[in-house]
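Tertiary structure, described
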Amino acid sequence: MLVLKKKTAELIASAVEKSFGGGLLSADEIFSMLEYPPDKSMGDIALPCFRLSRTLRKAPPMIATVLSAEIKCDEFCSVSADGGYLNFKIDGTAFAKRVVADITAHGEKYGSPECGEGKTVVLDYSSPNVAKPFHIGHLGTTVIGHSLKLLHEFAGYKCVGINYLGDWGTQFGKLIVAYKSWGDKKTIEQGGVDELVKLYVRINNEIKAEEDASVVGMPEGTPKKSALADASRAEFKKLEDGDEDNLALWRWFVDVSLEEYQKTYKLLGIEFDSYKGESFYTDKMPAEVEKLRNMGLLEIDDGASIVNLDKWNMPVCLILKRDGSTLYPTRDIAAAVYRKGEYGFDKAIYVTSAAQSLHFAQWFKVVELMGYDWYDKLVHVPYGTVSINGAKLATRTGNVILLKDLFAEAIARVKEIAREKNPDEDECQRIAECVGVGAIVFYYLSNNRMRDINFMMEDALSFDGNTGPYVQYTYARTCSVLDKVGRGSGKMTDAVLSEEEVELSKSLAAFPERVLSALGEYEPSVITRYILDLAAAFNRFYHNCSIANCENADLKSSRIALTEATNRVLKTALHLICMQSPEKI
Ligand code: ARG
């Protein structure tokens, strides 16, 4: 559609030049005025001529009439003036032919805007905090982040996916104390990150109990005390000072956690290019703090070092605590500087929950004040909250729902159904993983990212309705049709096409534009909705137009070619939202 829209704009521009004189309106200006009328009977593309009337100094109906007489093009069966509108109606058969030719020519690159050639994007996403639960709150950053990476790769960008692990901080002091007090090597080796979380939860509870006990019967305002908290601070200090034993423990905690996260990433087909977490930036922060100080940007506020952001209506950005230790923004600034040097990015994208929007706005501003001229290449992509219906999915960690349990539950449910049809255990597992994981991803990415989502497992897994299983099933259907008739056995002919076929080709033609808006808005849900449109158009075609048994050989050939094109585009689109396309379900 994009191609045709561009071509239409050019045709109009030259018609304007002929009829009204040169230098008045460019094809680009006209392009931005073109619309897709909601009512198809009006046409497929329309130009509201009132937008031209001021420049051309003519009434809109008159402009429409003059231009309609001037424009000729094979791809339109009619170009007509309707009041103040100039309407273009597509010649379905010619149009479908061109769209399918376009898809065949570009193959898996069909739909790529190719705007990223020679540019680099770094994407910081997923980034769980070690030894804290990797829960459904991380679903957004993980799948939106990865989908944005795939979209950028598709557009030709060189992409660097970074898992900025939360692998440093006072929680490690606590974990070391907890491990030394109650931990056991074997239990952790077997139980993995869950056991670390247990230790972490336990020490937090015990610290709280000690603190509460320390003020019983004391006058109000007495500072709370906890020996375990003191010990934790001491262990973290030792870790920071490079104590070998503590470093070894820390490394082990990180490895155990990472091993567990990898299982979830594997299910989703995610691989990161870098796992440089927060710890990596410890020695890179002093230089940035020094720069801030030298530039006179630091102020001392109650002993802490801050950057005042009053002028920009934001609270202060904390750089150093009173005891001189660094903070979350300090680390992010150092990490951004490092990444700029390392990757020379043209864009750095950060995907986190909207709860962190202020944090990003603050430190982006600080980077700007520091004079880094790439401050405007930093993009924060926020998303809304996720909750889950019912207590069925609650885990041992209490009311937090772990991501791996969410996927495990979906996989188990699909497996039950798959087993009825398929006795082969490996095959069942493969289908269950592909459909179960896909169901969750699709359900999640069906909504605009800023919307708060209440997750309904039943809805996500349903085969009826706009779900992952439904679109994967549609893809599998295209495969089975093609297997039956033979892949590559069709090509577009001049056989006159019916409405279903033309609508399907229009849907196929819409893909490049949707990719562009998904990229521009950092919104994978644009692709999810596109997949639903395309699946609906294909299913309508499939139910109304017989393919294998079509008696008109030319028409059959066109239908096969349309099926092949749908198969190609569905596969690409599913890939862009981190979904697999199973040939069989
Ligand atoms: N680890 C953080 C969390 O779980 C997310 C990190 C986001 N990335 C960043 N550069 N701050 O909340």
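Residues numbered from 1 in each chain as written. Predicted model: local features only at pLDDT ≥ 70, side-chain atom pairs only at ≥ 80, totals over all residues. Heavy atoms only, no water.

1. Points about the overall build of the protein
The cut-off we apply is this: A run of H or I in DSSP becomes a helix once it reaches four residues, and a run of E becomes a strand once it reaches two; helices and strands are each numbered from the N terminus. For accessible areas, the Shrake-Rupley method is used with a probe of radius 1.4 Å. Any residue's cover is judged against the shown protein chains and nothing else. For the purpose of charge, His is not counted, nor are the chain termini; Lys and Arg are scored as positive and Asp and Glu as negative. For this purpose, a charge sits on NZ of Lys, CZ of Arg, CG of Asp or CD of Glu.
Along the protein, the regular secondary structure elements total 22 helices and twelve strands. About 26,600 Å² of surface is accessible on the protein, with carbon and sulfur atoms providing 50% of the total. Placing the 69 positive and 82 negative side-chain charges of the protein at their respective mean positions leaves the two points 1 Å apart.

2. Things to note about the pattern of salt bridges
For clarity, the cut-off: A side-chain nitrogen of Lys or Arg and a carboxyl oxygen of Asp or Glu constitute a salt bridge if their distance falls within 4 Å. Whether a residue is buried, partly exposed or exposed follows from its accessible area with a 1.4 Å probe, protein chains only, as a fraction of its type maximum: under 20%, in between, or over 50%, in that order.
Within the structure shown, the criterion is met by 36 salt bridges. In this structure, E499 engages R540 in a salt bridge whose closest nitrogen and oxygen atoms are separated by 3.4 Å. You can see E499 sitting in helix α19 (residues 499-509) and its partner R540 sitting in helix α21 (residues 525-544), a full 41 residues away along the chain. Where E503 meets K506, a salt bridge forms, and the shortest distance between an N and an O atom there is 3.3 Å. Taken together, the residues E503 and K506, both in helix α19 and three residues apart, mark about one turn of the helix. Residue class for E503 comes out partly exposed when judged on its relative accessible area of 23%.

3. Points about the packing of aromatic side chains
Where we set the bar: By convention, a stacked pair of Phe, Tyr or Trp rings (six-membered ring in the case of Trp) has centres within 6.5 Å and planes under 30 degrees apart, an edge-to-face pair has planes over 60 apart, and any other such pair is tilted. Here, over-ring charges are defined by two tests on the NZ atom of lysine or the CZ atom of arginine: distance to the ring centre within 6 Å, and angle to the ring normal within 35 degrees.
Overall, the coordinates contain 30 aromatic pairs when judged by the stated rule. Taking 6.0 Å as the distance between ring centres and 50 degrees as the angle between the ring planes, the aromatic pair formed by Y164 and Y281 counts as tilted. Taken together, the residues span a long stretch of sequence, with Y164 in the loop between β5 (158-162) and α7 (171-182) and Y281 in the loop between α11 (244-268) and α12 (285-294) at a distance of 117 residues. For the pair Y164 and Y281, one class covers both residues: buried. Aromatic side chains F272 and Y275 sit 5.6 Å apart centroid to centroid with 65 degrees between the ring planes, which places their arrangement in the edge-to-face category. By relative accessible area, which is 26% here, Y275 ends up partly exposed. Members of the aromatic cluster, each reached through a chain of ring pairs, are Y125, F134, Y261, Y265, F272 and Y275. The residue whose ring lies beneath K5 is F31, and the NZ or CZ to ring-centre distance is 4.8 Å. Cation over ring: K291 sits above Y372, and NZ or CZ is 4.8 Å from the ring centre.

4. Remarks on the pairing of strand β1 (residues 45-48)
For clarity, the cut-off: At least two DSSP bridges between two strands are needed for those strands to be called paired.
By the alternation rule, side chains of β1 split into I45 and L47 and A46 and P48, which are all buried. Judged from the four bridges that link them, β1 and strand β3 (residues 85-90) form a sheet pairing that is antiparallel. Bridge pairing in β3 links I45 to F88.

5. Focus: the sheet that holds strand β2 (residues 76-82)
We count it as follows: To get an axis, a line is fitted to the C-alpha atoms, and for a helix only the part in contact is used. The angle between two axes follows their N-to-C directions and goes from 0 to 180 degrees.
One open sheet holds the three strands; their spatial order is β1-β3-β2, and the pairing between them is antiparallel. A single partner strand is all that each edge strand has here, and the edge strands are β1 and β2. For this sheet, the mean angle separating the axes of adjacent strands, direction not counted, is 15 degrees.

6. Topic: the packing of α7 against α11
Our working definition: With respect to orientation, any angle under 35 degrees is reported as roughly parallel, any angle over 145 as roughly antiparallel, any angle of 65 to 115 as roughly perpendicular, and every other angle as oblique. Throughout, a contact is declared for two residues whenever any of their heavy atoms are within 4.5 Å. Residues were grouped as follows: Ala, Val, Leu, Ile, Met, Phe, Trp, Tyr, Cys and Pro as nonpolar; Asp, Glu, Lys and Arg as charged; and all remaining residues, including Gly, as polar.
Remark: α7 packs on α11, axes separated minimally by 11 Å, with the N-to-C direction vectors making an angle of 100 degrees. Our classification of the angle between α7 and α11 gives roughly perpendicular. Contacts between α7 and α11 pair F172, L175, I176, Y179 and K180 from the former with N246, L249, W250, W252 and F253 from the latter. Grouping the constituent residues of the contact of α7 with α11 by class yields eight nonpolar, one polar and one charged.

7. Here's the deal with the nonpolar core
Put simply, the test is: Buried Ala, Val, Leu, Ile, Met, Phe, Trp, Tyr and Cys residues form a nonpolar core when they are joined through side-chain atoms within 4.5 Å.
Residues L47, L67, F511 and I527 are the most contacted members of the largest nonpolar core, which totals 159 residues. Ranked by residue count, the leading element in this core is α11, at eleven residues. When sequence neighbours within four positions are dropped, the list of residues in contact with L67 reads I12, A15, V16, F20, L47, L52 and L86. Listed in part, the 28 residues of the second largest apolar core include L292, C317, A348 and W374.

8. A look at the site of the ligand
The condition is simple: The cutoff for a nearby residue is simple: one of its non-hydrogen atoms must lie within 4 Å of the molecule or strand. Identification of polar contacts relies on pairs of N or O atoms within 3.5 Å, with a donor-acceptor requirement for protein atoms, meaning one able to donate a hydrogen and the other able to accept it, and with residues adjacent in sequence counted only if both atoms are side-chain atoms.
Close contacts around the ligand come from D124, S127, N129, H138, Y164, Y328, D332, Y350, T352, Q356 and F360, and that covers them all. In this structure, S127 approaches the ligand through a main-chain N or O atom, which is 2.9 Å from a nitrogen atom. The side chain of D332 places a nitrogen or oxygen atom 2.7 Å from a nitrogen atom of the ligand. Protein chains shield 88% of the accessible area of the ligand, which is 350 Å² for the free molecule. Listed by contribution, the elements that provide at least two residues to the shell around the ligand are α13 (328-343) and β9 (347-353). Taken together, the residues of the shell around the ligand sort by class into four nonpolar, five polar and two charged.

9. Observations regarding the sheet that holds β9
With parallel pairing, the four strands of this open sheet are ordered in space as β5-β4-β9-β10. Each edge of the sheet is formed by a strand with only one pairing partner; in this case those strands are β5 and β10 (378-383). Strand-to-strand twist across the sheet, computed as the mean angle between neighbouring axes with direction ignored, equals 20 degrees. Judged from the four bridges that link them, strand β4 (residues 120-124) and β9 form a sheet pairing that is parallel.

10. Remarks on the confidence of the model for the protein
Selection rule: Along the chain, pLDDT gives the predictor's confidence residue by residue, from 0 to 100.
Looking at the protein as a whole, the pLDDT averages 93, with 98% of positions reaching at least 70. Predicted confidence for residues 391-397 stays below pLDDT 50, and this span has 14 contacts to residues more than four positions away or in other chains.

11. Digging into the side chain of S68
Tracing the backbone through its elements, the reader meets S68 in helix α4 (residues 60-70). Residue classification places S68 among the buried residues on the basis of a relative accessible area of 17%. Setting aside its immediate chain neighbours within four residues, S68 contacts V79, S80, A81 and L86.

12. Some thoughts on the environment of R202
Position of R202 relative to the elements: it lies in helix α9 (residues 193-214). Overall, R202 belongs to the partly exposed group, its relative accessible area being 37%. Taking C-alpha positions, R202 is 9.9 Å from K174, a pair spaced 28 residues apart along the chain.

13. What to know about the environment of K72
By secondary structure assignment, the location of K72 is in the loop between α4 and β2. The class for K72 is exposed, based on a relative accessible area of 63%. The sequence separation of K72 and L11 amounts to 61 residues, and the corresponding C-alpha distance is 8.3 Å.

14. Here we look at the side chain of E260
Relative to the elements of secondary structure, E260 occurs in helix α11. You can call E260 buried: its relative accessible area is 12%. Those residues in contact with E260 that lie beyond four places of it in its chain are V193 and K404.

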